[in-house]
Amino acid sequence: MAGANPTRTPTALTQGSSGATRGGVGESTLRPDGTLKVTGEFAYASDLWHEDMLWGCTLRSPYPHAEIRSVDVSEALRLPGVYSVMTHDDLPAETNFGLEIRDQPVLAKDRVRYHGEAVAIVAADHPETARRAAAKIRVEYAELPPVHDESSATAPGAPVLHPGRDDHHAPHVAHPNIVHRQPIVRGDVAAAKAEAEVVVRGEYEVGMQDQAFLGPESGLAVPAEDGGVDLYIATQWLHVDRDQLAPVLGLPPEKVRLTLSGVGGAFGAREDLSMQAHACLLAMATGKPVKIVYNRYESFFGHVHRHPAKLTYEHGADRDGTLRYMTCRIVLDGGAYASSSPAVVGNAASLGAGPYEIENVEIEALALYTNNPPCGAMRGFGAVQACFAYEAQMDRLAAELGMDPVELRQRNAMSQGSLLPTGQEVDSPAPVAEILRRVTSRPLPPERQWETSADAGGSTGVDVRALPGGLSNTTHGEGVVRGVGYAVGIKNVGFSEGFDDYSTARVRLEVVGGEPVAVVHTAMAEVGQGGVTVHAQIARTELGVAGVSILPADTQVGSAGSTSASRQTYMTGGAIKQACEAVRERVLRLGRERFAGQHPAWDSGAVLRLEGGKVVTDGGEVLAATADVLGDEVVEEELEFRHRPTEAFDLRTGQGFGHVQYSFAAHRAVVEVDTELGLVKVVELACAQDVGKALNPLSTVGQIQGGSTQGLGLAVMEEILVDPGGKVRNPSFTDYLIPTILDTPTIPVDVLELADAHAPYGLRGVGEAPTLSSTPAVVAAIRNATGLALNRVPVRPEHLTGTPGA
């Protein structure tokens, strides 16, 4: 690094093990960062410190849509301790950024487009001074009518939020306030409609969910002697951050150096820039390190959210339950800027029919520009919204047919060899019917679990924690009804639609203290998913070593892509595997040179392995210690790994080989509902999922349980409330609720390992699929308990009692 290092920077994570295979692929090894996180010693980005640093603060718009008439910073600059105040006019180079479309201003120029948009930034010697200075900036606004939904966005004369935008998505959309549109057309829907014996229709709505990570946006920018900048940052994709920052800073990419700092959760919200550009700009303007840490209120405005959606579905079937056709229209609210909306639309469209065989399909998915908060990546990425709707449709159709809802799903379940509506063949295991069978066959939890054993007088006690309402003690079981519901979903893995998806790994093998040690360097963002654990496991397995050191992720090695799309174990794991294989071949070649003539196996071209710190034959005979083969040599390889290529969907028909891999999960939810008070207790949320290969079984189950819990949150409590004028009403954990340990049920998990021949170790992505099916399973169970239609999530008490709500 060319700049001064801050304190509490990331250090290499080292973990050792002994034995031939201990700690390798397929074992539940401990996380090298686990103890540090549990004891509070782990350095998160918000812990960064520099002896000479300033503090940054952002002034944000109080209006969703307004012209900026003037900005006066003079009073802020006069405040003692203030070093810099910057507005749009002070930006040195490019003024916009964006993941797919560079449409978002670093600082608003002549217009603000959402409540909370950044207008000015301040650097001062104390965080409170920076906040007071930001409050002294005088901005004159002229409010404009907001665009808040499809009708207001596409109405004649509607304000065009991004006039003159020029990007590759625009030519096929019908209105400039449509970010992207993707149709999918297959078969003959009109003919199938004429023949269908049963038809069900439904309109559904999904609220705006927040990623609600616990570590707020934070980072430290340090100006460097070479005129560049070093940024220590909590992010999901170091290289895409750098590639957006360099044009904004007016620097070549090599002078914008990023190092990953401790990340307290992400779930998609850290894929876009938040405070990165602001910190770097202030550091360059002042010549001093600048730290920015959002508080929780600002965090709700500082990152993208899950797209709220309105979905209209129609399914037609024969009397025996065979699906004949489906149509759907999915409208996603992208908010003020594009972010990753085009890719979210692609996922919603291509996966909009669910994991079912349907020959005749018409799908339209689109995302809008509005004056609501920007929406982008969140766990499940477009497939979550679609899954809620198509699974509600399956239950509705089953009821119309008088058929068991699981039997209906199994009758139409896709399997290996099935064709998706995009025309792509599912060419790896697709055990949809089997995972449904597994959750269905699991024993149900006991009834009336809130009843405790009778006391000496024969009275039965009540454990209120097991009841709807919990410790609020609102009921002792009166009016509580049990319901059971099922759902299954399909999610793609990795980047799609022709994106050049790759990851880079540098692996070094050397002797340290007489033992061979592997050093792994990638730019993968460890955001809590356990990638650092898996990477060490792969190195142990492929190189047969006990000690593995994982270097801090930074931009001094090639890109690892984003920690999103369930791709990192597949992609960066694949890169590490290939780099280790290349190192191993060089070590074996070195051994053959050094020990020629000492054993026939060295000279015969026999298969040799590295195992337990030794070179062994395929039969297990030890030929030499790996350390003796290496001597003073350091063997290093850096390789890029790519999955098989995909292609963009046709913009007229939606046909194309768009996704590299698919994952499937099914849930059975058991709920208890107080029908008088509208309170829900999820008793159990069982899951079955095919993971291809569980590289770390304990971590795999943890990912499935975490995704299931996030889906539960969407089902019954999580929603950012935006009023019709575009203002956010609940930007705090006081009013935005997420599941706590008291809300989280037992989550038994059934893991299938059906290998995908195209993937490293046969694995498939794990983290997203359970987020899809958990939400509709919980809502299906509530429907089963109450008999209500419940076409919207989250389900609130007033939806269950008929009480008017806010």
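Predicted model, so just to flag it, every value in this text is computed and none were measured.

Chemist: Got a minute to help me understand the pattern of salt bridges in this structure?
Modeler: A pair can form between side chains of opposite charge whenever their charged atoms are brought close. Applying the stated criterion across every chain yields a total of 47 salt bridges. A salt bridge links Arg506 to Glu638, with the shortest nitrogen-to-oxygen separation between them at 2.7 Å. With Arg506 in strand β22 (residues 502-512) and Glu638 in strand β28 (residues 635-642), this residue pair connects regions lying 132 residues apart in the sequence. With its nearest N and O atoms 3.0 Å apart, the salt bridge here joins Glu798 to Arg796. Assessed through its relative accessible area of 19%, Glu798 is described here as buried. In the salt-bridge network here, residues are joined through shared partners; they are Glu205, Glu719, Arg792, Arg796 and Glu798.

Chemist: When you look at the sheet that holds strand β7 (residues 111-112) in this model, what are you seeing that I'm missing?
Modeler: As a general point, the strands of a sheet are linked pairwise by backbone hydrogen bonds and lie either parallel or antiparallel. The strand order β7-β3-β9 describes an open sheet built from three strands, whose pairing is antiparallel. Two strands bound the open sheet, and with one partner strand each, they are β7 and β9 (138-143). In terms of strand pairing, strand β3 (residues 66-72) meets β7 through two bridges, oriented antiparallel. Residue Glu67 lies in a different strand from β7, and its bridge partner there is Arg111.

Chemist: Where do I start with the side chain of Arg186 in this structure?
Modeler: Within the secondary structure layout, Arg186 lies in strand β10 (residues 178-186). Contact partners of Arg186, with chain neighbours within four places excluded, come to Ile358, Glu359, Asn360, Val361, Leu419, Leu420, Pro421 and Gln655.

Chemist: Got a minute to help me understand the pairing of strand β17 (residues 323-333) in this structure?
Modeler: Walk down a regular strand and you will see the side chains alternate between the two sheet faces. Counting buried residues in β17 gives nine out of 11 residues, a clear majority hidden from the surface. Of the pairings in the sheet, the one linking strand β16 (residues 309-317) to β17 comprises nine bridges and is antiparallel in character. Note on β17: the bridge partner recorded for His315 is Met326. Hairpin connection between β16 and β17: a loop of five residues separates the two successive antiparallel strands, and Gly321 in this loop has a positive phi of roughly 95°. Pairing geometry for β17 and strand β18 (residues 360-368), over nine bridges, is parallel. Paired with Val331 across the two strands is Leu366, which belongs to β18. Crossover connection from β17 via helix α9 (residues 341-350) to parallel β18: handedness right-handed.

Chemist: When you look at the sheet that holds strand β31 (residues 749-752) in this model, what are you seeing that I'm missing?
Modeler: An order of β21-β29-β30-β31 is seen for the four strands of this open sheet, with the pairing classed as mixed. If you trace the sheet from one side to the other, it starts and ends with β21 (480-493) and β31, each paired once. Direction aside, neighbouring strands of the sheet carry axes that sit 20° apart on average. Relative to strand β29 (residues 661-674), β21 runs antiparallel, the two sharing 14 bridges. For Lys491, the partnering residue across the bridge sits in β29 and is Ser663.

Chemist: Looking at this model, I keep getting lost on the packing of aromatic side chains. Mind explaining?
Modeler: Think of a pair of aromatic rings as described by two things: how far the centres are apart, and how the planes are tilted against each other in angle. All chains considered together, the criterion is met by 14 aromatic pairs. Ring centres 5.9 Å apart and planes at 85° place the aromatic pair Phe300 and Phe733 in the edge-to-face group. Of this pair, Phe300 sits in helix α8 (residues 296-302) while Phe733 sits in the loop between α17 (697-716) and β31, and the two are 433 residues apart along the sequence. Take Phe300: its relative accessible area is 4%, and that puts it in the buried class. Measuring from ring centre to ring centre gives 6.3 Å for Tyr570 and Phe641, while their planes differ by 50°; the resulting arrangement is tilted. Of the two residues, Tyr570 sits in helix α14 (residues 568-594) while Phe641 sits in strand β28, which places them 71 residues apart along the sequence. The buried category is assigned to Tyr570, whose relative accessible area is 2%. By relative accessible area, which is 10% here, Phe641 ends up buried. Counting every residue linked through ring pairs, the aromatic cluster contains Trp237, Phe495 and Phe499. Lying over the aromatic face of Phe213, Arg270 brings its terminal NZ or CZ to 4.0 Å of the ring centre. The cationic tip of Lys577 hangs over the ring face of Tyr761; the distance from NZ or CZ to the ring centre is 5.2 Å.

About the cut-offs
- Residues numbered from 1 in each chain as written.
- Predicted model: local features only at pLDDT ≥ 70, side-chain atom pairs only at ≥ 80, totals over all residues.
- Heavy atoms only, no water.
- Salt bridge = Lys/Arg side-chain N within 4 Å of Asp/Glu carboxyl O.
- Helix = DSSP H or I, 4+ residues; strand = E, 2+ residues; numbered from the N terminus.
- Buried < 20%, exposed > 50% of the residue type's maximum accessible area, 1.4 Å probe, protein only.
- Pairing = 2+ DSSP bridges.
- Contact = heavy atoms within 4.5 Å.
- Right-handed = clockwise from strand over helix to strand, strands pointing away.
- Axes fitted to C-alpha atoms, helices over the stretch in contact; angles between N-to-C directions.
- Phe/Tyr/Trp six-rings, centres within 6.5 Å; stacked < 30°, edge-to-face > 60°.
- Lys NZ or Arg CZ within 6 Å of the ring centre and 35° of its normal.

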